[in-house]
Amino acid sequence: MPYFDLDQTLSEQDLALKASAAAFAQGVMRPVSRQLDRMTPEEAIASQSPFWGFLREAYRLGYHKLPFPEALGGPGLTPLQIQIVMEELAWGSFGLTLALNTSLDAAVAMGGTREHVEQFTIPYCQCTDASYIGCWAITEPDHGSDTVMPGYPTFRDPAIKANCHARLDGDEWVITGQKSAWVSGGTIANRILLMCQIHPAQSGHAGSGMFLFTLDRPGVAKGKPLDKIGARDLNQGEIFFDAVRIPREALVVGPEAYEAALEAHLCLTLPMVGTWATGLARAAFDEALAYAREREQGGRPIADHPTVQVKLFDMFRKVEASRQLCRAVFVHNWGSPAERRAIEYAEAAKTFATQTALEVTSDAIQIFGGIGLARECVAEKLFRDARSSLICDGSNDILALSGGHRIARAHPRCYPAR
Ligand SMILES: Cc1cc2nc3c(=O)[nH]c(=O)nc-3n(C[C@H](O)[C@H](O)[C@H](O)COP(=O)(O)OP(=O)(O)OC[C@H]3O[C@@H](n4cnc5c(N)ncnc54)[C@H](O)[C@@H]3O)c2cc1C
């Protein structure tokens, strides 16, 4: 059910978008997500899996291309509308919402050349049958946090050598190495935005590039889909590159602009993850509230007991605070050119909302009592999904470290030196 929105200025169109996303989340995403949660990672992506029916329906409705302008074949929504719809979808499933957004390569291509846009963005926006699935791969077996800390001193450490690198050979790049099992959509994607080192000896991870290419090439191999505690409805897996040759033009961002481009990218993805975590937390709150009104102990619904009321209020205020922060950051960063986006706010939104999701889903289990621990209870799944959100897109600890480093050193925009 769509939530009451404190923002009473939402238009008829905003409310209609919210209502249809809520119906899709409740009618399609939540049931499919719960089915996939019980399957093995292999079963979840087998041809008869309900995952494919969900994905095709989501593409048909255009939920895979929410951020794209009409000129490129997208729906042309405002940043506020994108945020509202994404929170609703994540109410249905955090993992499936993430699965719908692994093709952010096309978003990067918006800043690329006309050829990138024609080859990737427009076909993606025109796709209605889920035949175009993208992924973005940055994490490596030996480098997770190291790769998502632009601006932090270790990011430019030339001693840090990546597991995957690119070298120019005539008119082609040759990619060799491996990306880790955490790549979302890794075993099912047919397009990739690959972040990998080009000049480590000069500038460590800052000497990397972003490459956009199709994965149907000799030398590309995929690992097994990853088995994990939460977001089990999200496919993840390794990708191997054995001297894979791609055209010179596949480079979207070179080492000279890589660090700034990665920061600009994180400014968009972090409040997005925070928005999904808000939807997930709200789902747990809704389920716990409904149960508390039904379940009787001491001769009356447990919702009538003051300590349960206090817990419900605590959950409510955290979800609302999470939405207000994520929405404000999302709207600012998605509505601003790269140089005006605010990374420390993006880090604050992601860490706050995912920590909130963990606490609210845990409180939901407490309200359900014993049944909250059982696989049949939705709160149990939401708790496991929330747990994985604290590591997704950079662990909360390193995002705090990175944001704290910037703020402590007198950030020129937010906290200039007195
Ligand atoms: C649901 C989900 C989806 C994901 N999707 C993708 C994807 O699509 N593409 C992709 O490439 N990756 C993806 N990831 C990977 C994710 O970005 C990484 O897992 C994350 O960056 C952490 O890296 P790591 O797992 O290697 O942990 P590590 O970097 O090894 O960190 C281990 C621990 O050490 C701490 N730590 C690390 N460095 C420091 C430091 N300098 N100071 C203090 N503490 C430190 C961390 O906080 C953490 O607690 C996804 C992960 C999840 C959970």
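Source: prediction; values computed, not measured.

Draft legend 1. Looking closely at the pattern of salt bridges. Applying the stated criterion to the full structure yields 28 salt bridges. In this structure, the salt-bridge partner of arginine 327 is aspartate 5, at a minimum N-O distance of 2.9 Å. Here the residue arginine 327 occupies a position in helix H10 (residues 306-334), and aspartate 5 occupies one in the segment before helix H1 (12-37), the gap between them amounting to 322 residues. Arginine 327 sits in the buried class, given a relative accessible area of 7%. Look at aspartate 5 and you get buried, because its relative accessible area is 5%. For lysine 179, the salt bridge goes to glutamate 140, with nearest N and O atoms at 2.8 Å. One end of the pair, lysine 179, is in strand S3 (residues 172-179); the other, glutamate 140, is in the loop between strand S1 (134-137) and strand S2 (164-169), with 39 residues separating them in the sequence. Connected through shared salt-bridge partners, Glu87, Glu88, Arg282, Asp286, Glu320 and Arg323 make up one network.

Draft legend 2. Quick peek at the domain arrangement of the chain. One can read the domain layout of the chain as domain 1 (12-126), domain 2 (134-256) and domain 3 (259-408). Considering only the side of domain 1, the residues that lose the most area to domain 3 are Gln83, Glu87 and Phe94, jointly responsible for 29% of the buried surface there. The tally of links from domain 1 across to domain 3 stands at six salt bridges. The tally of links between domain 1 and domain 3 comes to 11 residue pairs in polar contact (both at pLDDT 80 or more). Looking at the side of domain 1 that touches domain 3, the elements that each hand over two or more residues are H1, helix H4 (79-92) and helix H5 (94-99). For the side of domain 1 that touches domain 3, the element with the most residues is H4, which contributes 10 residues.

Draft legend 3. Fine view of the packing of aromatic side chains. The tally for this structure, following the rule as stated, stands at 15 aromatic pairs. Plain terms: the ring middles of phenylalanine 51 and phenylalanine 54 are 6.3 Å apart, the flat faces sit at 45 degrees to each other, and that makes the pair tilted. Remark: phenylalanine 54 and phenylalanine 51 occur in helix H3 (residues 50-61); sequence separation between them is three residues, near one turn of the helix. Phenylalanine 54 matches phenylalanine 51 in its accessibility class, with the two residues each being buried. Members of the aromatic cluster, connected to one another through ring pairs, are Phe24, Phe51, Trp52, Phe54 and Tyr63. Lying across the ring of tryptophan 91, arginine 30 places its NZ or CZ 4.2 Å from the centre. The residue whose ring lies beneath arginine 191 is tyrosine 132, and the NZ or CZ to ring-centre distance is 4.1 Å.

Draft legend 4. Representation of the site of the ligand in the model. If you check the shell around the ligand, you find 19 residues, and the closest are Ile138, Thr139, Ser145, Ser184 and Ser395. Within the contact set of the ligand, an oxygen atom lies 2.8 Å away from a backbone nitrogen or oxygen of isoleucine 138. Here an oxygen atom of the ligand sits 2.6 Å away from a polar atom, N or O, in the side chain of serine 395. Taking 990 Å² as the accessible area of the ligand by itself, protein coverage stands at 70%. The leading source of residues in the shell around the ligand is helix H13 (residues 396-408), at three residues. Its residues assigned to classes, the shell around the ligand shows nine nonpolar, eight polar and two charged. Residue assignment places the shell around the ligand across two domains, with domain 2 (134-256) and domain 3 (259-408) each supplying three or more.

Draft legend 5. Region of interest: the environment of glycine 185. In this structure, glycine 185 sits in the loop between S3 and strand S4 (191-197). Along the backbone, glycine 185 and alanine 25 are 160 residues apart, and their C-alpha atoms lie at a distance of 20 Å. The residues contacting glycine 185, other than those within four sequence positions of it, are Thr102, Cys135, Asn235 and Gln236.

Thresholds applied
- Residues numbered from 1 in each chain as written.
- Predicted model: local features only at pLDDT ≥ 70, side-chain atom pairs only at ≥ 80, totals over all residues.
- Heavy atoms only, no water.
- Salt bridge = Lys/Arg side-chain N within 4 Å of Asp/Glu carboxyl O.
- Helix = DSSP H or I, 4+ residues; strand = E, 2+ residues; numbered from the N terminus.
- Buried < 20%, exposed > 50% of the residue type's maximum accessible area, 1.4 Å probe, protein only.
- Domains from an automatic or database assignment.
- Buried area = accessible area lost by both parts, 1.4 Å probe.
- Polar contact = N/O pair within 3.5 Å; in protein donor to acceptor, adjacent residues only side chain to side chain.
- Phe/Tyr/Trp six-rings, centres within 6.5 Å; stacked < 30°, edge-to-face > 60°.
- Lys NZ or Arg CZ within 6 Å of the ring centre and 35° of its normal.
- Near = heavy atom within 4 Å.
- Areas by Shrake-Rupley, 256 points an atom, 1.4 Å probe, with all protein chains shown as cover.
- Nonpolar A, V, L, I, M, F, W, Y, C, P; charged D, E, K, R; others polar.
- Contact = heavy atoms within 4.5 Å.

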